[in-house]
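Topology and contacts: notes
So you can see what is in the structure, the chains are spelled out below.
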Amino acid sequence: MPEVKPIPDGYPRVSPYLFVDGAAAAIEFYTSVLGARQRGDRMTGPDGRIGHAELQLGDSVLMLADEFPAVGAVGPKTVGGSPVLLNVYVEDVDAVFARALAAGAKELRPLADQFYGDRSGSFEDPWGHRWSVATHVEDVSPQEMAARAKAAMGGS
């Protein structure tokens, strides 16, 4: 009998699992805005709700399902917001950010060049999940990073 791998091939050690009120629309948002692609088939119940779907986003896997309140699976809007911010590196942060806003996301922090070498901004998607998207635009040495961090925090 072959040995079973404790971490299956094709899965990172950490994969966010999002619950949304409208998983099919969320899948469309994440594929069109973030460039994710669906992995495999969606598992749907008799009522048409998605019980499980997986999206590939670079080397990451994002799992999601419709809300199932009876078992405590609810999205951020149902509980009044999310304390979690998902960070995603993308090739062109300006284009991704523009697509997100055009697709109904709410800007939380505008795009800006950051002292640590990223250009980033954050938004809340239509289901209440919070995202930070970034493109790395500059390699910053540890010494320069320390000086920039101090200046950014109001130091001299």
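Preceding this section is the structure that the text describes.
Residues numbered from 1 in each chain as written. Predicted model: local features only at pLDDT ≥ 70, side-chain atom pairs only at ≥ 80, totals over all residues. Heavy atoms only, no water.

Section: the pairing of strand β1 (residues 17-20)
Only one face of β1 is buried, namely the one carrying Leu18 and Val20, since none of Tyr17 and Phe19 on the opposite face is buried. For β1 and strand β4 (residues 60-66), the ladder comprises 4 bridges, and the chain directions are parallel. The partner of Tyr17 across the bridge, within β4, is Met63. (Buried < 20%, exposed > 50% of the residue type's maximum accessible area, 1.4 Å probe, protein only. Helix = DSSP H or I, 4+ residues; strand = E, 2+ residues; numbered from the N terminus. Pairing = 2+ DSSP bridges.)

Some words on the side chain of Gln56
As for its placement among the helices and strands, Gln56 is situated in strand β3 (residues 50-57). The exposure class assigned to Gln56 is buried, which follows from its relative accessible area of 15%. Engagement of the side chain of Gln56 in a polar contact is seen with the backbone oxygen of Gly58, the distance being 2.8 Å. One polar contact links the side chain of Gln56 to the main-chain carbonyl oxygen of Ser60, over a distance of 3.3 Å. Apart from residues no more than four positions distant in its own chain, Gln56 is found in contact with Ala36, Arg37, Arg39 and Val61. (Polar contact = N/O pair within 3.5 Å; in protein donor to acceptor, adjacent residues only side chain to side chain. Contact = heavy atoms within 4.5 Å.)

Everything listed here is a matter of coordinates, which is why it stays silent on function.
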